[in-house]
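# Secondary and tertiary structure notes
Residue strings, one per chain:
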Amino acid sequence: MTTPKGTALVTGASSGIGAVYADRLSRRGYDLILVARDGKRLDSVATRVTATTGRAVELFPVDLTVKSDLQRVERILQTDNRITLLLNNAGIGATQPLIDSDVETLDNMIQLNVTALTRLARAVAPAFVSRGGGAIINIASVVALAPEVLNGTYAGTKAFVLTLSQALNHELGPQGVQIQAVLPGATSTGFWSVAGVPVSQLPSEIVMSAEEMVDAALVGFDRKELVTIPSLPEASDWDAFEAARRVMVPNLSRSTAAARYKS
């Protein structure tokens, strides 16, 4: 028997990474609140989860770029004391350069990848702090570290997710709230077709299955990693990257300009 772990609210849960997380979290003992636009596919995910694990599943077919829908989910996070984990997975991407992109599509991406994610984290954080526990998993992307890849606005949204996660860990970690930012590489999901490049056109050696990605990310979660990069062979590479950043921090704001900028 799996020990009950409370309820996980999962956004973008109707397919791909979110649907795999729904399966894996239910197997770990979480009941689920699943959020996505496609109610029919959400229902299919819920049917599979219930048949496999017997966990309770609630469905919210809403569009997180619509403010009234987003506020519905915020109220759930603020008031449902069963919730012990928020998985911010909902997001969309793009592959075209900025000047070839539709500005309304970019704005919609920012609304989902940045605004909705931030508001949901803000909604649940006070409850987690008051209870001295809870977890927020934010799905970012390796493009947070490689903005030259794909669309620059998409990379910018995922860099925001990484930075916000690091800040949340600083603010909420000492109060018992676990934060994890997951940075997948190319993952075999419907994301790519929506972004404009079918996954079949990518080199197979860079594409990971959603199942392997989520399983690796959950190992990182169990190890209390703040940043999990499932594809990265050596954790020491990330440690060195982060150490270099921290070395710069004391010198990023000073009363005088650096000598190289003085004639």
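Structure: above.
Attention in this report is confined to the structure presented alongside it. Residue positions within a chain follow its written sequence, with the count starting from 1. Only residues with pLDDT of at least 70 get local features here, since the model is predicted, and only at 80 or more are side-chain atom pairs given and counted; chain-wide, interface and lining totals rely on the full set of residues. Where side-chain values are given, they derive from all heavy atoms of the structure, hydrogens and water being excluded.

## What to know about unusual backbone geometry
Backbone geometry places Leu 150, a non-glycine residue, at a positive phi of 65°. The helix count covers DSSP runs of H or I at least four residues long, the strand count covers runs of E at least two residues long, and both are numbered beginning at the N terminus. Here Leu 150 shows up in the loop between strand 5 (134-139) and helix 5 (152-172). A positive phi angle is found at Lys 224, which is not glycine, with a value near 65°. Following the sequence through the fold, Lys 224 ends up in the loop between helix 7 (210-222) and strand 9 (227-228).

## Concerning the sheet that holds strand 3 (residues 57-61)
In this description, strands pair whenever DSSP reports at least two bridges between them. Pairing is parallel across the open sheet formed by seven strands, whose spatial order is 3-2-1-4-5-6-9. The sheet is open, and its two borders are formed by strand 3 and strand 9, each paired with just one other strand. Any pair of residues with heavy atoms lying within 4.5 Å of one another is described as a contacting pair. Between the N-to-C directions of two axes lies an angle of 0 to 180 degrees, each axis being a line fitted to C-alpha atoms and, for a helix, fitted only over the stretch in contact. Against the sheet, helix 2 (residues 39-53) makes contact with strand 2 (31-36) and strand 3, and its axis sits at roughly 170° relative to strand 3, the strand it touches most. Across the sheet, helix 7 lies against strand 4 (83-88), strand 5, strand 6 (177-182) and strand 9, angled at about 145° from strand 6, the strand it touches most.

## As for the pattern of salt bridges
Throughout this description, the term salt bridge denotes a Lys or Arg side-chain nitrogen within 4 Å of a carboxyl oxygen of Asp or Glu. According to the stated counting rule, one finds eleven salt bridges in the structure shown. Where Arg 24 meets Asp 215, a salt bridge forms, and the shortest distance between an N and an O atom there is 2.7 Å. Of the two residues, Arg 24 is situated in helix 1 (residues 16-27) and Asp 215 in helix 7; the sequence distance between them amounts to 191 residues. The closest approach of N and O atoms between Asp 38 and Arg 41, which form a salt bridge, is 3.1 Å. Each of Asp 23, Arg 24, Arg 27 and Asp 215 takes part in salt bridges that share partners, so that together they form one network.

## A closer look at the environment of Ser 209
Locating Ser 209 in the fold gives a position in strand 8 (residues 208-209). Buried means the residue's accessible area, taken with a 1.4 Å probe over protein chains only, is under 20% of the maximum for its type, while exposed means over 50%, and partly exposed covers the values in between. Assessed through its relative accessible area of 29%, Ser 209 is described here as partly exposed. Here the alpha-carbon distance between Ser 209 and Leu 42, two residues 167 residues apart in the chain, equals 20 Å. Sequence-distant contacts of Ser 209, that is, excluding residues within four places in its chain, are made with Thr 187 and Ser 188.

## What about the packing of helix 1 against helix 7?
In contact at an axis separation of 9 Å, helix 1 and helix 7 are set at 55° when each is read in the N-to-C sense. The angle between helix 1 and helix 7 places the two elements in the oblique class. Helix 7 is crossed by helix 1, and the crossing has right-handed handedness. In contact with Gly 16, Ile 17, Val 20, Tyr 21, Arg 24 and Leu 25 of helix 1, helix 7 contributes Ala 210, Glu 211, Met 213, Val 214, Asp 215, Ala 217 and Leu 218. When grouped by side-chain class, the residues that make up the contact of helix 1 with helix 7 number nine nonpolar, one polar and three charged. Every angle not falling under 35 degrees, over 145, or within 65 to 115 is termed oblique; those three ranges are roughly parallel, roughly antiparallel and roughly perpendicular. In this scheme the crossing of two helices becomes right-handed for a clockwise turn of the near helix relative to the far one and left-handed for an anticlockwise turn of less than a right angle. When residue character is reported, Ala, Val, Leu, Ile, Met, Phe, Trp, Tyr, Cys and Pro are called nonpolar, Asp, Glu, Lys and Arg charged, and the others, Gly included, polar.

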